[in-house]
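Spelled out, the chains give:
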Amino acid sequence: DAGVIQSPRHEVTEMGQEVTLRCKPISGHDYLFWYRQTMMRGLELLIYFNNNVPIDDSGMPEDRFSAKMPNASFSTLKIQPSEPRDSAVYFCASSLLGTPEKETQYFGPGTRLLVL
Amino acid sequence: DQQVKQNSPSLSVQEGRISILNCDYTNSMFDYFLWYKKYPAEGPTFLISISSIKDKNEDGRFTVFLNKSAKHLSLHIVPSQPGDSAVYFCAASVPSGSRLTFGEGTQLTVNP
């Protein structure tokens, strides 16, 4: 299996622009997670889906952020409008069973976002 | 509100010596703890875990210790190798929860 696939790997954009990050989970995995990594806060969970349905979006910072999972093999995280403080590495992860003690989460390589 | 904290942003050790990475948590509902390892330009990968019913779990050179009363866990790497140089994240979850709460990470550098 190719693992979790994320695109783009790097994104540089200007403040105010829309940014869309993409994720393809491991085939057959029912859970998909979006994380953001910053130096100050480490890895923060933004939102996660189970069977394409958003379950917990309490980590989404504000209305500028939105996430969708139109089917089992694709998810997007959108930031509109983007701001410099959104600069971070965004990771997507997937797992088969959802609970960490039964099945670990597998992370993609991340998208490094820089908002100027 | 950082429920999982790794107070040491970095740690440097000599090859062959022991590396000890520490993690503290505040949420007493956490019952499962994990360590993830991250190399540059890659995503984190699972390393080792421990349930709250245990106080120690060992896997080769890696051992995780859990002190529930102190809400503290540590990862020991013995002996440390240059290939262990990476960022280590501590994470925790509540019973039957899917959500992982991560710490800030500790950059470990093992010098040859």
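The structure we're discussing is the one just above.
Given the structure is predicted, the values throughout are model-derived calculations rather than measurements.

> It is not clear to me how the side chain of threonine 63 of chain B should be interpreted in this structure. Could you clarify?
Residues and elements named next belong to chain B. You can see threonine 63 is positioned in strand 7 (residues 62-67). Take threonine 63: its relative accessible area is 9%, and that puts it in the buried class. Those residues in contact with threonine 63 that lie beyond four places of it in its chain are Ile48, Lys56, Asn57, Glu58, Ser74, Leu75 and His76.

> In this structure, what is going on with the sheet that holds strand 8 (residues 72-77) of chain B? I would like to understand it.
Adjacent strands of a sheet pair through backbone hydrogen bonds, lying either parallel or antiparallel. Residue and element names in this part refer to chain B. Read across the open sheet, the five strands follow the order 1-3-8-7-6; overall the sheet is antiparallel. Since the sheet does not close on itself, it has two edges, and those belong to strand 1 (4-5) and strand 6 (56-59), each with one partner. As judged from the two bridges shared by strand 1 and strand 3 (residues 19-25), these two strands associate in the antiparallel manner. Residue pairing in the sheet places valine 4 in a bridge with tyrosine 25 of strand 3.

> So what exactly am I meant to see when it comes to the pattern of salt bridges here?
Between side chains of opposite charge, pairing is possible as soon as their charged atoms come close. All names here are of chain A. Taken as a whole, this structure holds twelve salt bridges over all chains when the rule is applied. Linking arginine 64 and glutamate 62 is a salt bridge whose minimum nitrogen-to-oxygen distance equals 2.8 Å. A residue is classified by how much of its surface remains accessible, and arginine 64, at 9% relative accessible area, is buried. For glutamate 62, a relative accessible area of 28% corresponds to the partly exposed category.

> So what exactly am I meant to see when it comes to unusual backbone geometry here?
Glycine aside, negative phi is the norm for most residues, and most peptide bonds take the trans geometry. For the peptide bond that leads from serine 7 of chain A to proline 8 of chain A, omega is -10 degrees, which places it in the cis range. Along the chain, proline 8 of chain A falls in the loop between strand 1 (5-7) and strand 2 (10-13). With an omega of -5 degrees, the peptide bond between glutamine 80 of chain A and proline 81 of chain A qualifies as cis. Along the polypeptide, proline 81 of chain A turns up in the loop between strand 8 (74-79) and strand 9 (88-95). For alanine 41 of chain B, which is not a glycine, the phi torsion comes out positive at approximately 65 degrees. Topologically, alanine 41 of chain B is positioned in the loop between strand 4 (32-38) and strand 5 (45-51). Phi is positive for lysine 71 of chain B, close to 50 degrees, though the residue is something other than glycine.

Each value, and the rule that gives it
Residues numbered from 1 in each chain as written. Chains lettered and ligands numbered in written order. Predicted model: local features only at pLDDT ≥ 70, side-chain atom pairs only at ≥ 80, totals over all residues. Heavy atoms only, no water. Helix = DSSP H or I, 4+ residues; strand = E, 2+ residues; numbered from the N terminus. Buried < 20%, exposed > 50% of the residue type's maximum accessible area, 1.4 Å probe, protein only. Contact = heavy atoms within 4.5 Å. Pairing = 2+ DSSP bridges. Salt bridge = Lys/Arg side-chain N within 4 Å of Asp/Glu carboxyl O.

None of this, on its own, says anything about what the molecule does.
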